[in-house]
Structure formats: structure tokens, C-alpha cells
Amino acid sequence: MNKKMKVISIGMVMVLLTLTSAACAKKESGGEAEAGGKNVKLDFVWFSDGNEGAIMKDIIKDYEAKNTNVKVNMIEVPYKDLSTKLKTMIAGGEPPALARISTTELGGFAKQAVDLSESNGGLEKYTGQFVDSLKPFYVVNNKAVAAPMDVTANGLIYNKTLFDKAGVKVPSSPDNVWTWDEFSAALKQVMEKGGAKYGLVWDFTPQRWSTILYQFGGSLMSPDGAKATINNEAGVQAVEYFKKLHTDGIAPTSVWLGGENPNNLFRSGTVAAHLAGNWMISNYKDISNFEWGVTYMPKAKQRSSVPGGKFAMAFKNSGVEKEATDFINYITTKEVNAKYTQEALFLSPRKDNAKLDYAFGKEMMEVFSNELNNTVPAAAEDWSKQTIVPKFSNELKKTISEIIVGKITGQAGLDKVAGLIDKAIGEEKK
């Protein structure tokens, strides 16, 4: 081969290599390649309870400005349609890049989820960023199948105006919380001297009821999830005490027996306290006819709340797993998560964001955070088993209502529920 032909051949090879590289780049990106990385679109399935969708849109704008090759496409759906939407997308072979999900959906989509710890220093390092009580929810088979975005806790909201009128002081420190008997006596005093019609309203949900179960030392299931424990001595004591609150007239039967809205009752200014979730701080923000606040829940054998929250999950087979993981890493950083939780009036799941400068309710949020930090492991272990819990939760709610009216004893009622739990556990093992 002469020198001229050799030069032409080398040139042709270089052209072919360039064309091949360009074609590969285009194929990977699904469009044109960009210098900062391949162009990608991240479909983000999202639901909102309040203003958090608008806050996330601002965060997305900031992220896109820093990552010009990434476009995050929020697909907003009502919460009731979330699970169906995700199942449809996955079944159609087009899973989204990521989604915001609650504890209810976590277990059901765990097998389709990217292990976020794999590219973030391993499981221990990754989970170490977040409050320990959330771990049973998002760690499945030693994989971090989602990242906590916010955390919820059950706690006690009280009518400060009525308590002051009755001359009753609430605990000012977690070191001197009431026992349940002391709390019941305080509520009776607020009813007698403060003019409260009722002492306590309690949300009509099994999750909220279970707060007292854990405080009495009980649990729904054994730690390994192998058998029901709700019907042991602690469980029976808890449900009998819950019944006593109603028979003593402290709690109105209209909520657990008649479906009356406890939020409306508290808003009326005629109820001393409301055992609810921290999201009610935002809900009650506009109350102007009386003063209200948050104090520490009472204890029985121990203190405990019940954790919950919302998470971000990245999905396998989206083709953009790395970019989805990078985005989740960004929105769960200390700074970005602080912005998100502060503006939405959420509790942060990050250990280093335990105290945030909320525009409203800063001290109240810190009380809820303290409740979370004093929560027993059983609370998350139980409620993280979301392939089992839905199979008995409605019956548990119905049975507690029957116990309140005396239709069935506490022991017999919880024995019945325990049978359903054991049946669900057995079905899970098949």
C-alpha cells in the first residue's frame, strides 16, 4: 500500500469510529447527546397532600438548572390512583424513573425498585443518614428500596385555652410526661373546670389506635413477623384502657362508633385534646377562635409513637436508573430536604435535620420529633409489613369498635384479630 492510500484508509477508519460513537450516544440518550451527559427525561409519578407538589416543582427547577441534560417530568395523580398507575406503567414495560410513595405501597413495589444503597457506600452508610425508626419500612431484604422524604409521627395536640381555664399545666419536658391515669385525670379536670365537652378525640384508624398498644408494651406481631402478638396481656390491657376512655365519657363514642370527624370536633373548641399525626399542625394553622399547642403523649409501660412517611423510589428497567438515583440523592441531601420539609411543615427524616427553622410551629414539630425518637422498634416493624396488614386492619378497626360498646370482650376480640393475622402470615409464606 502506497503512502497516499495508507493516509486515506486511516482517515476513513477515524470517520467510521466518529460516526459509530455518535450513533451510540444518540441511542443511549433517546435523542441528541449533550456535552454534560446524555439527555434524559425522568418521569416522576407524584401525589400531593398539600403544598408539597409546588415546593417540589421549585426544587426540580433548581436541579435542572444545575443539570442541563436532565428534564424531570412530574406526573401528578390522586393518591387513591397511585398504586394502579404504577402497576399499569410497569406491566406495560414502561416503568417511571421514580415515584413518591407512602408506607402502604413500599412493600408491594420493592422487587421493582433500585437498591439505592448499592451506589451510595453500602446499606449501613446509606441508612445512617435517616432516623432509625423508618428503617423497617424502606429496607427490604437488606436493600434500600426507597429514600425517606419526610417522616410522620403520632402525637398530642391540645386546646391551650381550655387547659389554662382549668388551671391544668401540660408536661414541659419529656422527662416528666404523664402516665395514662394522670392524663385521664387531667382531661377530667379540663372537662369539669375548663368547660370542655370531651377530653380527647382519637382518629378512627388502626394505625393511630396502635399508639396506645405500643405504649402498653404490646405489638401486632412478633419481631420476626412469624406470629400474632396483639392478643397478649399487653394488647388486652391497651384495648381495655381505650374502652375505658369511652365508657368514662372522656372520649366521645361518635368518632369510633358514628364516624364523626375528630378534626371538626377539635376545631369547635369544645375538645381538650386530639391524638393525631403531625400533619395536623398545618391543618390547624388557621384556627383563630382559641389557642392550641402540642404536648408530650402519656406513657404506660413506655413511651412510643408510630412512624410513617413518604419516600422516593427509583424503578428498574427505566433505562435511567443512574440519573433517577442521582436525583433522589439530591432531594434527600440535608439542605434540599430541609427546604422541602420546612416549607411543607413536615418532619425531616434526616438525623441532622431534627431541628429546623419552621415559619410556623417550630416548637410543636420538635415535640413530635421527640416522640419519634422515643418510639419502640415494634411500631415500624409491624406497620412495615404492608403485604400482611391490609388483610386484617379493617377487621381490627371494627373489632375495637365492638369492644368499646361491650359487644365482645377485649380478649375475645383480639383473639379473633390474632387469628386473621396468623392466617395472613401463613398465606404470605406459601
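Some words on the overall build of the protein chain
Reasoning step 1: A tally of helices and strands in the protein chain yields 19 helices and 13 strands.
Reasoning step 2: Overall size of the protein chain, expressed as C-alpha extent along the three principal axes, is 110 × 50 × 35 Å.
Reasoning step 3: Expressed as a percentage of contacts within the protein chain between residues at least 6 apart in sequence, the contacts between residues at least 24 apart total 74%.
Reasoning step 4: Of the roughly 19600 Å² that the protein chain leaves accessible, carbon and sulfur atoms contribute 51%.
Reasoning step 5: Taken together, the 52 basic and 49 acidic charged side chains of the protein chain have centroids lying 4 Å from each other.

Structural notes on the pairing of strand β12 (residues 292-295)
Reasoning step 1: A two-sided burial pattern is seen for β12, the buried positions comprising Trp 292 and Val 294 on one face and Gly 293 and Thr 295 on the other.
Reasoning step 2: Bridge count between strand β9 (residues 154-159) and β12: four bridges; the pairing is antiparallel. Bridge pairing in β12 places Asn 159 opposite Trp 292.

Details of the sheet that holds strand β13 (residues 308-314)
Reasoning step 1: Read across the sheet, five strands follow the order β4-β3-β5-β13-β8 without closing on themselves; strand pairing throughout is mixed. In this open sheet, the two strands that pair with only one neighbour each are β4 (70-76) and β8 (147-152). When strand polarity is set aside, the average angle formed by the axes of neighbouring strands in this sheet is 20°.
Reasoning step 2: Examined bridge by bridge, strand β5 (residues 98-102) and β13 share five bridges and lie antiparallel to one another. Across the sheet, residue Ser 102 finds its bridge partner in β13, namely Lys 310.
Reasoning step 3: Along the sheet face, helix α2 (residues 52-66) touches β3 (40-46), β4, β5 and β8 and points at about 165° away from the line of β4.
Reasoning step 4: Relative to β8, helix α15 (residues 334-344) is tilted by about 30°, and along the sheet it contacts β3, β5 and β8.

Section: helix α10 (residues 233-247)
Reasoning step 1: Its 15 residues place the ends of α10 21 Å apart at the C-alpha level, agreeing with the 21 Å of an ideal helix rising 1.5 Å per residue.
Reasoning step 2: On the buried face of α10, the contacting elements are α8 (180-193), β10 (198-202), α9 (206-215), α11 (253-256), α18 (393-404) and α19 (410-429).
Reasoning step 3: Two or three places before Ala 234, at the start of α10, stands the capping residue Asn 232, its side-chain oxygen 3.2 Å from that residue's backbone nitrogen.
Reasoning step 4: Residue Gly 249 follows α10 closely and has a positive phi angle near 80°.

Remarks on the environment of Phe 216
Reasoning step 1: Along the chain, Phe 216 falls in the loop between α9 and α10.
Reasoning step 2: For the pair Phe 216 and Ala 234, spaced 18 residues apart in sequence, the C-alpha to C-alpha distance is 5.7 Å.

Details of the pattern of salt bridges
Oppositely charged side chains may form a pair once their charged atoms are brought near each other.
Reasoning step 1: The full count for this structure, using the stated rule, is 21 salt bridges.
Reasoning step 2: With a shortest N-O distance of 4.0 Å, Asp 248 and Lys 188 are connected by a salt bridge. Note that Asp 248 is positioned in the loop between α10 and α11 and Lys 188 in helix α8, a separation of 60 residues in sequence.
Reasoning step 3: According to the relative accessible area criterion, Asp 248 is partly exposed, its value standing at 34%.
Reasoning step 4: Between Arg 350 and Asp 352 there is a salt bridge, with its nearest N and O atoms 2.9 Å apart.
Reasoning step 5: For Arg 350, a relative accessible area of 10% gives the class buried.
Reasoning step 6: Three or more residues joined by partner-sharing salt bridges are found here, namely Glu 395, Glu 402, Lys 407 and Lys 416.

A closer look at the sheet that holds β12
Reasoning step 1: Taken together, the four strands give an open sheet; going across it, the order is β10-β11-β9-β12, and neighbouring strands pair in mixed fashion. Bordering the open sheet on either side are β10 and β12, each of which pairs with just one other strand. Pairs of neighbouring strands in the sheet enclose a mean axial angle of 25°, with direction left out of account.
Reasoning step 2: Summarising the sheet, β9 and strand β11 (residues 271-277) pair through five bridges and their orientation is antiparallel. Each residue of the ladder has a partner; that of Asn 154, found in β11, is Gly 277.
Reasoning step 3: Along the sheet face, α8 touches β9, β10 and β11 and points at about 125° away from the line of β10.

Calculation rules
- Residues numbered from 1 in each chain as written.
- Predicted model: local features only at pLDDT ≥ 70, side-chain atom pairs only at ≥ 80, totals over all residues.
- Heavy atoms only, no water.
- Helix = DSSP H or I, 4+ residues; strand = E, 2+ residues; numbered from the N terminus.
- Contact = heavy atoms within 4.5 Å.
- Areas by Shrake-Rupley, 256 points an atom, 1.4 Å probe, with all protein chains shown as cover.
- Lys, Arg positive; Asp, Glu negative; His and termini not counted.
- Charge placed at Lys NZ, Arg CZ, Asp CG, Glu CD.
- Buried < 20%, exposed > 50% of the residue type's maximum accessible area, 1.4 Å probe, protein only.
- Pairing = 2+ DSSP bridges.
- Axes fitted to C-alpha atoms, helices over the stretch in contact; angles between N-to-C directions.
- Expected span 1.5 Å × (residues − 1).
- Polar contact = N/O pair within 3.5 Å; in protein donor to acceptor, adjacent residues only side chain to side chain.
- Salt bridge = Lys/Arg side-chain N within 4 Å of Asp/Glu carboxyl O.

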